[in-house]
2 protein chains.
Amino acid sequence: MTPLTQADLTKPCPTRELLDRIGDAWSVLVVLNLQMGPCRFNQLRRQVGQISQRMLTVTLRHLERDGIVSRTVFPTNPPQVQYALTPLGQSLAEVVVVLHRWATANQGSVDAARKLFDEPVGAGIQIRAA
Amino acid sequence: MTPLTQADLTKPCPTRELLDRIGDAWSVLVVLNLQMGPCRFNQLRRQVGQISQRMLTVTLRHLERDGIVSRTVFPTNPPQVQYALTPLGQSLAEVVVVLHRWATANQGSVDAARKLFDEPVGAGIQIRAA
DNA sequence: CTGTATCCTGGATGATACTG
DNA sequence: CAGTATCATCCAGGATACAG
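Attention in this report is confined to the structure presented alongside it. Sequence order sets the numbering: in each chain, residues are counted from 1 along the sequence as written. Key to labels: chains lettered from A, ligands numbered from 1, both in the order written. Totals for whole chains, interfaces and linings use all residues, but because this is a predicted model, local features are given only for residues with pLDDT of at least 70 and pairs of side-chain atoms are given and counted only at 80 or more. The side-chain numbers reported here are obtained from all heavy atoms of the structure, hydrogens and water having been left aside.

**Here we look at the packing of helix H4 (residues 41–48) of chain B against helix H5 (residues 53–65) of chain B**
All names here are of chain B. The contact between H4 and H5 brings their axes to 11 Å, and the two run at 110 degrees. It follows that H4 is roughly perpendicular to H5 by the angle criterion. Where H4 crosses over H5, the handedness of that crossing is right-handed. Contact with H4, carried on its side by Phe41, Leu44 and Arg45, involves Gln53, Leu56, Thr57 and Leu60 of H5 and no other residues of that element. A per-class count over the contact of H4 with H5 returns four nonpolar, two polar and one charged. All axes are obtained by fitting lines to C-alpha atoms, using only the stretch in contact for helices, and the reported angles, taken between N-to-C directions, cover 0 to 180 degrees. Numbering of helices and strands starts at the N terminus; helices are DSSP runs of H or I of at least 4 residues and strands are runs of E of at least 2. An angle below 35 degrees is treated as roughly parallel, one above 145 as roughly antiparallel, one from 65 to 115 as roughly perpendicular, and anything else as oblique. A clockwise turn of the near helix away from the far one marks a right-handed crossing, whereas an anticlockwise turn of less than a right angle marks a left-handed crossing. By the convention used here, residues are in contact when the closest approach between their heavy atoms is within 4.5 Å. Residues are grouped as follows: Ala, Val, Leu, Ile, Met, Phe, Trp, Tyr, Cys and Pro are nonpolar; Asp, Glu, Lys and Arg are charged; all remaining types, including Gly, are polar.

This is the structure in structure tokens:
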């Protein structure tokens, strides 16, 4: 409801800015995971899954810089670093969770659409068949 | 509220799939623009702004394949092609709009955080100053 | 454990030219 | 107008090695 107007998009186009942050796939995943509670580096690494160490570091620095996550170092031995969502990050997380929910709920629809698209003509009549 | 559980993320991780679609910056922008109503190719091109013709084509095909947008050709001369959100696309659009709203509302906070981050020490004491 | 520093490659993207 | 095809580029991201 209440669709946006052209003006909403044209302004200084904050959407472009937005996408530089959350358009990045890893950021979304990190936020989703942190949204479950504070987390240490390697723990987060394992949870997120396929992310490389480098990318996790880069992503976290990015999010930290944007005030989305906080980084707390406990001077223990070995060192512990805890990452958590800031209040701003939590507000973002809520939105991202909605996105995640949509994806989960509509995964079937998308997959079905793809199948249809990839097999435009049924019953053996394949236009682009080799 | 109602944070996700680890299980929600680990499943077959639909989030990864999700990100392949909307994690792409152009897709988000196209959906946001189409959400304002059906649109023709070049019209959309102008509205989205910096997108190249190729990328708009690729993005639209992607969204079409995923059942997010529909493509209707009017056999006029010159040809007219109308792109519009499908019902599925509209449901996605609603979520994306929320994202857009968040970005607009919190742009200031993020910018402020960045400023702080980029100038960690005030009053002329610059650790990394050249 | 929690990173930083380098090197290197593939795929995403833009530019350009052509077509129905 | 609405694309497709092709080529060149560039940089995000992985792999690896090293460090506090």
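Structure's up, so let's keep going.
**Thoughts on the relation of the copies chain B and chain A**
To line up the copies, we fit them by least squares on C-alpha atoms, keeping just the residues with pLDDT of at least 70 in both. By a simple turn and slide, chain B fits onto chain A: the slide is 0.0 Å along the axis, the RMSD is 0.1 Å, and the turn is 180 degrees. What the superposition gives is, in effect, a two-fold axis relating one chain to the other. In terms of C-alpha distance to the rotation axis, chain B has Gly23 of chain B as its closest residue, with the C-alpha 2.5 Å off the axis. Here 100% of the contact residues of chain B are again contact residues in chain A; the copies associate through an equivalent surface.

**Considerations on the interface of chain B and chain A**
Between chain B and chain A, the contact holds 55 residues from the first and 55 residues from the second. Between chain B and chain A lies a buried interface of about 5200 Å² when both sides are counted; carbon and sulfur atoms form 66% of it. A 1.4 Å probe defines the accessible area here, and the buried area is the portion of it lost by two parts on being joined, summed over both. Contact with chain A buries area across many residues of chain B, yet Leu4, Arg65 and Trp102 of chain B alone supply 14% of it, more than any other trio. What counts as a salt bridge is simple: a side-chain nitrogen of Lys or Arg found within 4 Å of a carboxyl oxygen of Asp or Glu. On inspection of chain B and its partner chain A, the count reaches four salt bridges. Where Arg114 of chain A meets Asp66 of chain B, a salt bridge forms, and the shortest distance between an N and an O atom there is 2.5 Å. Each polar contact in these results corresponds to two N or O atoms within 3.5 Å; when the atoms are within protein, one needs to be able to donate a hydrogen and the other to accept it, and residues that are neighboring in sequence are counted only if both atoms are side-chain atoms. Across the chain B-chain A interface, the total number found is eight residue pairs in polar contact (both at pLDDT 80 or more). Looking at the side of chain B that touches chain A, the element that brings in the most residues is helix H6 (residues 87–118) of chain B, giving 22 residues. Among the residues forming the side of chain B that touches chain A, the class breakdown is 26 nonpolar, 16 polar and 13 charged.

**Some details on the sheet that holds strand S3 (residues 80–85) of chain B**
Residue and element names in this part refer to chain B. Any two strands with at least two DSSP-identified bridges between them are counted as paired. The strand order across the open sheet built from three strands is S1-S3-S2, with neighbouring strands paired in antiparallel fashion. Of all strands in the sheet, those bounded by a partner on one side alone are strand S1 (39–40) and strand S2 (69–74). The pairing of S2 with S3 spans six bridges and is classified as antiparallel. Its bridge partner being in S3, Ser70 is matched across the sheet by Ala84. Each of S2 and S3 touches H5; the most contacted strand, S2, lies at about 110 degrees to it.

**Quick notes on unusual backbone geometry**
In most cases, non-glycine residues show a negative phi, while peptide bonds are predominantly trans. Asn77 of chain A connects to Pro78 of chain A through a cis peptide bond whose omega is 0 degrees. Mapped onto the secondary structure, Pro78 of chain A falls in the loop between strand S2 (69–74) and strand S3 (80–85).

**Quick look at the pattern of salt bridges**
All chains considered together, the criterion is met by six salt bridges over all chains. Notably, a salt bridge pairs Asp118 of chain B with Arg65 of chain A, separated by 2.7 Å at the nearest N-O pair. Placement of the pair is Asp118 of chain B in helix H6 and Arg65 of chain A in helix H5 (residues 53–65), with the two residues belonging to separate chains. Each residue is placed in one exposure class: buried if its accessible area under a 1.4 Å probe, protein chains only, is under 20% of its type's maximum, exposed if it is over 50%, and partly exposed if it falls in between. Take Arg65 of chain A: its relative accessible area is 26%, and that puts it in the partly exposed class.

**Considering the protein's contact with DNA strand C**
The full set close to DNA strand C counts 17 residues, and Gln53, Arg71 and Tyr83 of chain A together with Arg54 and Met55 of chain B are the nearest of them. For DNA strand C, the backbone portion of the atoms within 4 Å of the protein, that is sugar and phosphate, comes to 64%. In the environment of DNA strand C, a base nitrogen lies 3.4 Å from a nitrogen or oxygen atom belonging to the side chain of Arg54 of chain B. No other element matches H5 of chain A, which puts four residues into the surface near DNA strand C. Classifying every residue of the surface near DNA strand C by side-chain character gives eight nonpolar, four polar and five charged. Near, as used in this document, describes a residue that has one of its heavy atoms within 4 Å of the molecule or strand being considered.

**So, the nonpolar core**
Across soluble globular proteins, you tend to see nonpolar side chains buried next to one another. Buried Ala, Val, Leu, Ile, Met, Phe, Trp, Tyr and Cys residues that are joined via side-chain atoms within 4.5 Å together make up what is termed a nonpolar core. Grouped together as the largest cluster of nonpolar side chains are 68 residues, with contacts concentrated most on Ile68 of chain A together with Ile68 of chain B. Every residue in contact with Ile68 of chain B, bar those within four places of it in the chain, is listed here: Trp102 of chain A together with Val31, Leu63, Ala84, Leu85, Thr86, Leu88, Gly89 and Leu92 of chain B.

**Focus on the packing of helix H3 (residues 25–34) of chain A against helix H6 (residues 87–118) of chain A**
Residue and element names in this part refer to chain A. Where H3 contacts H6, the axes come no closer than 9 Å and their chain directions differ by 105 degrees. Compared by their axis directions, H3 and H6 come out roughly perpendicular. Taken together, the residues of H6 that come into contact with H3 (itself represented by Val28, Val31 and Leu32) are Leu92, Ala93, Val96, Val97 and His100. Considered class by class, the residues forming the contact of H3 with H6 number seven nonpolar, one polar and no charged.

By themselves, these observations are geometric and do not establish any function.
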